[in-house]
Amino acid sequence: MENATKTVLLCGVGGQGTILAADLLAFSCMKAGLQVKVSEIHGMAQRGGAVTTVVRVGEDVKSMVSDAGCADVVVAFETTEALRNLPQLKEGGSLIVNDVAIRPLPVLTGAASMPENARERLREAGALLIDADAIARAAGNAKCANVVLVGALAARLDIPVEVWEETVAERVPQKTVEANLAALRAGRALIENEEGE
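Residues numbered from 1 in each chain as written. Predicted model: local features only at pLDDT ≥ 70, side-chain atom pairs only at ≥ 80, totals over all residues. Heavy atoms only, no water.

## A short note on the nonpolar core
Counting residues in hydrophobic clusters, the biggest one holds 44 residues, and the most contacted among them are L10, L25, V75, I130 and W164. The element contributing the most residues to this core is helix 6 (residues 145-154), with eight residues. Once residues within four sequence positions are removed from consideration, L25 is found in contact with V8, L10, V55, L153, L157 and W164. One finds C11, L89, V97 and A118 within the second-largest nonpolar core, a separate group that totals 15 residues. (Core = buried A, V, L, I, M, F, W, Y, C linked by side-chain atoms within 4.5 Å. Buried < 20%, exposed > 50% of the residue type's maximum accessible area, 1.4 Å probe, protein only. Helix = DSSP H or I, 4+ residues; strand = E, 2+ residues; numbered from the N terminus. Contact = heavy atoms within 4.5 Å.)

Listed below in structure tokens is the structure:
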């Protein structure tokens, strides 16, 4: 990883594993000898509430504050949160999005409606849309979609593969280690194959 501080914003809704994903990112970066600052979780982490975490990593991270237009990478666990957090992405930054839309409570109650043309708008913004849920099922556990996204993110950061794998093995529940490692590798391979074309 370059000396400059990198800012990664992870966003989704409660129950999708965004907090674990931020944990895996932070611990992998620390294992790689980088300084890490993690913002407080914004929103409500219970199932269905919006969750946003900012992780800043580098050799000398001065602040954990990330202003609009400053995120080098936005990892969105679903399309509505991706659109909502699009203003945080810096010009030329990476946008990795799980291609699933979760209907929040205001939509379910009829108080709001889902954004129109979400996929098209995200593609126009340069998003890489990933069916992380399907990849996780193929890896052996549908609940590992968050780690598929971590694997995709890992392919964009200059941290050795073995560091990510060691962190996953240490930080996820023991009975899910193999499925999570498979999910991590599948997410990483997806990005490497995409960039190799």
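Now, onward.
## Side note on the confidence of the model for the chain
Of the residues in the chain, 91% reach a pLDDT of 70 or more, and the chain-wide mean stands at 89. Within the chain, strand 3 (residues 42-43) has the poorest average pLDDT of any element, 59, and helix 6 the best, 98. (pLDDT = per-residue confidence, 0-100.)

## A short note on the packing of aromatic side chains
Counted under the stated rule, the structure contains zero aromatic pairs. Lying over the aromatic face of F27, R171 brings its terminal NZ or CZ to 3.6 Å of the ring centre. (Phe/Tyr/Trp six-rings, centres within 6.5 Å; stacked < 30°, edge-to-face > 60°. Lys NZ or Arg CZ within 6 Å of the ring centre and 35° of its normal.)

## With respect to the pairing of strand 4 (residues 50-58)
For a regular strand, side-chain orientation follows a simple rule: the groups alternate between the two sheet faces. Counting buried positions along strand 4 yields eight of nine residues, so the element is predominantly enclosed. Judged from the eight bridges that link them, strand 1 (residues 6-13) and strand 4 form a sheet pairing that is antiparallel. In the sheet register, G12 faces strand 4, and the bridge partner there is V51. Of the strand pairs in this sheet, strand 2 (residues 35-38) and strand 4 are connected by four bridges, and their pairing is antiparallel. Among the inter-strand pairings, K37 is bridged to a residue of strand 4, identified as R56. (Pairing = 2+ DSSP bridges.)

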